[in-house]
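Given next are the chains, with one letter for each unit.
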Protein chains: 2
Amino acid sequence: MTFQRVAIIGLGLQGGSIGLAVQAYLPDVFTTGTDIDPGTRARAAERGLVHKVCDTSAEAAADADLIIFCVPPGAMGPAAADVRASLPAGALVSDVGSSKQAVAKALGEALPDHLVIPAHPVAGTENSGPDAGFAQLFRNRWCIVTPPAQTDLVKLSSLVAFWEALGANVEIMDPEHHDLVLAVTSHLPHLIAYTIVGTASDLEEVTRSEVIKYSAGGFRDFTRIAASDPTMWRDVFLSNREAVLTMLQRFTEDLTALQRAIRIGDGEMLFSQFARTRAIRRSIIEEGQDDARPDFGRADHDATEG
Amino acid sequence: MTFQRVAIIGLGLQGGSIGLAVQAYLPDVFTTGTDIDPGTRARAAERGLVHKVCDTSAEAAADADLIIFCVPPGAMGPAAADVRASLPAGALVSDVGSSKQAVAKALGEALPDHLVIPAHPVAGTENSGPDAGFAQLFRNRWCIVTPPAQTDLVKLSSLVAFWEALGANVEIMDPEHHDLVLAVTSHLPHLIAYTIVGTASDLEEVTRSEVIKYSAGGFRDFTRIAASDPTMWRDVFLSNREAVLTMLQRFTEDLTALQRAIRIGDGEMLFSQFARTRAIRRSIIEEGQDDARPDFGRADHDATEG
């Protein structure tokens, strides 16, 4: 491994998982880390998320040859500015942000003398904070690396090798295309999930207790991703605005067409739309990106309960 | 158990699960069953979904004291008409349909001389067909029973006891209210999931291979319920049209408000909407209606792989 000292700024789900994964799969690499929240730093030290929890990002960055910003997209710029004076000149700067054009710009402006190669591991759970991370988070998941047009190919190779060591499959992508792909595979699903959970909460004719009791009819699936970190998701939508609005427009058109089919009683149109979506699920399972067991395996779990 | 002979019409996920659950939890009850599809009947016999698989529903119904229609909502009326001549006069008629006003009407019109007490177990997986059922499907799930205003309270109690024996919690509800509650907890989530999976399939800028590879960002959650049986779901939307359109209207209003907040960069509005949805998830888990493990337990599964 080219990198000997990795600094992790932000010790939530992503940062904590990187810290634990490095210790598990790259035992010769020394990790430092910090978080803006003192409670998170204390808990990170208790869990041993990194070898050394520092009080400031300047201290965490002081000897790093790789620094990874694991903070919400809107906090990337300020977090990077904090290490400008202490980060060694040859250190590679990267991140795990869910939008890439805006984050690349923010990191580049805050650290104009450093090489920045952004990355985005497409992996997570609905949990956040210093207790959420685990070493296996990135295994068999994709990590998208979005280097600038002119970059240091040796450093790029080292970053790819780093993520592969943590268990990820790596893809190189143009940042603009990344933002469009993730708008549909991640950002739009979260926006819709947050919306429907909000809609259900606000009903007067149906009580919250009823929504909860009968959630196994499908609703509960949406509540999982709608339990994700609100600060991070606010920043994702603000930082990938155009691509999200584009995808939302397509979705709304398609939903309106189905609404019309329901209103006019067009069963053939409904059937043909509903019949073509199974193939994608099958492919996702075949490519190892979801659990093949029915109901995500929840049924197996229930079957062994009480 | 009051019922000694239960006939199950339709041997897919619901009918097969009822057959297996009766054998597991009510071993003294004899079950007959049939399905309109010969392949399903053959497979049902191999799996032993019921004690006796019949070639016709008239035969399956001949000695029943409880008959449960487990066919898509649009097939309820024709399926019930098929047993009118053979079903004993004292037999109770029930079903498992996802919409209750339309199904109660169809069953009542087809079997005007029988007592009909509709029911809806709020339980399922994305799988369908004779291989999908399992005995534990209803355990710790709610079954909503929607009796007509004037009904036989002894028969009603027997039906409640039947579902409780299968492991369900039973709730009595007005059919109109059922249709409104399920429109938000089940029908709207399925409509939205089918829509977004369709939207993602039709994109030109993002390939299907990319959608599949990066689905772990949230999209894959929607593909599960969008893999549900298209015939059944077509019928659900056609048979619960008004309530679905009402809920869809609310959802669209809320989505438009979030779209506007993204467009004008209103981070405070986004944060406040995203911060209030966690409580519902917590309640669903506390009430035993979802898995408390992160990512529905999928992460645990991944961690033990390879």
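Sequence order as written defines the numbering, with residues in each chain counted from 1. Each chain takes a letter, starting from A, and each ligand takes a number, starting from 1, following the order in which they are written. With the structure being a predicted model, the display of local features is reserved for residues of pLDDT at least 70 and the display and counting of side-chain atom pairs for 80 or more, all residues being used for whole-chain, interface and lining totals. With hydrogens and water excluded, all non-hydrogen atoms of the structure serve as input to the side-chain values.

Asker: Provide a residue-level description of the packing of aromatic side chains, including the pertinent values.
Answerer: The rule is short: rings of Phe, Tyr and Trp, with Trp giving its six-membered ring, pair when the centres are within 6.5 Å, and they are stacked under 30 degrees, edge-to-face over 60, tilted in between. In total, this model carries 16 aromatic pairs over all chains according to the counting rule given. On the numbers, 5.0 Å between centres and 85 degrees between planes, the contact of F138 of chain A with W163 of chain A is edge-to-face. Taken together, the positions of F138 of chain A in the loop between strand 7 (119–121) and strand 8 (142–145) and W163 of chain A in helix 6 (residues 153–165) put the pair 25 residues apart, joining distant regions of the chain. An identical accessibility class is assigned to F138 of chain A and W163 of chain A; each is buried. Here Y214 of chain A and W142 of chain B contribute two aromatic rings whose centre-to-centre distance is 6.2 Å and whose plane-to-plane angle is 80 degrees, an arrangement assigned as edge-to-face. Taken as a pair, Y214 of chain A in the loop between helix 8 (208–213) and helix 9 (219–225) and W142 of chain B in strand 8 (residues 142–145) lie in two separate chains rather than in one. Where helices and strands are cited, they refer to DSSP runs of H or I of at least four residues and of E of at least two residues respectively, numbered from the N terminus. Remark: exposure states derive from per-residue accessible area (1.4 Å probe, protein chains only) relative to the maximum for the residue type, with buried under 20%, exposed over 50%, and partly exposed in between.

Asker: Please provide a residue-by-residue account of the sheet that holds strand 7 of chain A, values included.
Answerer: Residues and elements named next belong to chain A. Judged by pairing direction, the sheet is mixed, and its three strands sit side by side in the order 7-8-9 without closing on themselves. Edge positions in the open sheet fall to strand 7 and strand 9 (169–172), since each of these has one partner strand only. Across this sheet, the average inter-strand angle for adjacent strands is 20 degrees, counted without regard to direction. Two strands qualify as a pair provided that DSSP identifies no fewer than 2 bridges between them. Of the pairings in the sheet, the one linking strand 7 to strand 8 comprises three bridges and is antiparallel in character. The residue bridging A119 from the neighbouring strand is V145, located in strand 8. In this fold helix 6 packs onto strand 7, strand 8 and strand 9, with an angle of close to 150 degrees to the strand it touches most, strand 9. Whenever a helix is involved, its axis is fitted only over the stretch in contact; in every case the axis is a line through C-alpha atoms, and angles between N-to-C directions fall within 0 to 180 degrees. By the convention used here, residues are in contact when the closest approach between their heavy atoms is within 4.5 Å.

Asker: I'd like to hear about the relation of the copies chain A and chain B, residue by residue, with values.
Answerer: The atoms used to superpose the copies are C-alpha atoms, taken from residues with pLDDT of at least 70 in both, and the fit is least squares. Under the fitted operation, chain A is carried onto chain B by 0.0 Å of movement along the axis and a turn of 180 degrees, and the coordinates agree to an RMSD of 0.0 Å. Between the two chains, the operation in question is that of a two-fold axis.

Asker: I'd like a description of the interface of chain A and chain B, backed by residues and values.
Answerer: Taken together, the contact pairs 111 residues of chain A with 111 residues of chain B. Throughout, the accessible surface (probe 1.4 Å) given up by two parts as they are put together, summed over both, is called the buried area. Considering only the side of chain A, the residues that lose the most area to chain B are Y214, I262 and F274 of chain A, jointly responsible for 7% of the buried surface there. When a carboxyl oxygen of Asp or Glu lies within 4 Å of a side-chain nitrogen of Lys or Arg, that pair is called a salt bridge. Applying the counting criterion to the chain A and chain B interface returns 14 salt bridges. Put simply, D202 of chain B and R276 of chain A hold a salt bridge, and the shortest N to O gap is 3.1 Å. Polar contacts, as used here, are pairs of N or O atoms within 3.5 Å; protein pairs need one atom able to donate a hydrogen and one able to accept it. Residues neighboring in sequence count only if both atoms are side-chain atoms. Across the contact surface, chain A and chain B share 40 residue pairs in polar contact (both at pLDDT 80 or more). It is helix 7 (residues 175–202) of chain A that provides the largest number of residues to the side of chain A that touches chain B, a total of 21 residues.

Asker: Report on the environment of E59 of chain B, specifying residues and quantitative values.
Answerer: All names here are of chain B. Positionally, E59 belongs in helix 3 (residues 57–61). Of the residues examined, E59 reaches a relative accessible area of 38% and is grouped as partly exposed. Taking the C-alpha atoms as reference points, E59 and L87, 28 residues apart in sequence, are found 8.9 Å from one another. In this structure E59 touches K52 and C54, once residues within four positions along its chain are discounted.

Asker: Which residues make up the pairing of strand 9 of chain A, and what values go with them?
Answerer: Note that strand 8 of chain A and strand 9 of chain A share four bridges and pair parallel. The partner of V145 of chain A across the bridge, within strand 9 of chain A, is I172 of chain A.

Asker: So what's going on with helix 5 (residues 101–110) of chain B? Residues and values would help.
Answerer: All names here are of chain B. Considered for burial, the residues of helix 5 that qualify are V103, L107 and A110. Buried residues along helix 5 cover an arc of 70 degrees about the axis, so they all sit on one side. Facing away from the buried side of helix 5 by more than 90 degrees, the exposed set consists of K105 and E109. Lining the buried residues of helix 5 we find strand 4 (66–69), helix 4 (76–81), strand 5 (92–95) and strand 6 (115–116). The directions from the helix axis to the C-beta atoms are what the arc is built from.

Asker: Which residues make up the UniProt feature "domain: Prephenate/arogenate dehydrogenase" (unreviewed entry) in chain A, and what values do they have?
Answerer: UniProt positions are given in the numbering used here, feature names are shortened, and annotations may be inferred rather than shown by experiment. The feature "domain: Prephenate/arogenate dehydrogenase" (unreviewed entry), as annotated in UniProt, sits at residues 4–292 of chain A in this numbering. Secondary structure content for residues 4–292 of chain A is 52% helix and 11% strand, and the end C-alpha separation is 38 Å.

Asker: Quick one: what's the story with the domain arrangement of chain A, residue by residue and with numbers?
Answerer: Residues and elements named next belong to chain A. According to the domain assignment, chain A contains domain 1 (5–173) and domain 2 (177–289). Note that the domain bounds reflect an automated or database-derived domain assignment. Taking only C-alpha atoms, the centre of domain 1 and the centre of domain 2 are 30 Å apart. On the side of domain 2, 18 residues touch domain 1, which itself brings 20 residues to the contact. Taken over both partners, the interface formed by domain 1 and domain 2 buries close to 1,500 Å², and the fraction arising from carbon and sulfur atoms is 57%. When the area that domain 1 buries against domain 2 is broken down by residue, the three leading residues are S98, E126 and M173, summing to 34%. Our enumeration of links across domain 1 and domain 2 arrives at one salt bridge. E126 serves as the salt-bridge partner of R224, at 2.9 Å between the closest nitrogen and oxygen. Where domain 1 packs against domain 2, one counts 10 residue pairs in polar contact (both at pLDDT 80 or more).

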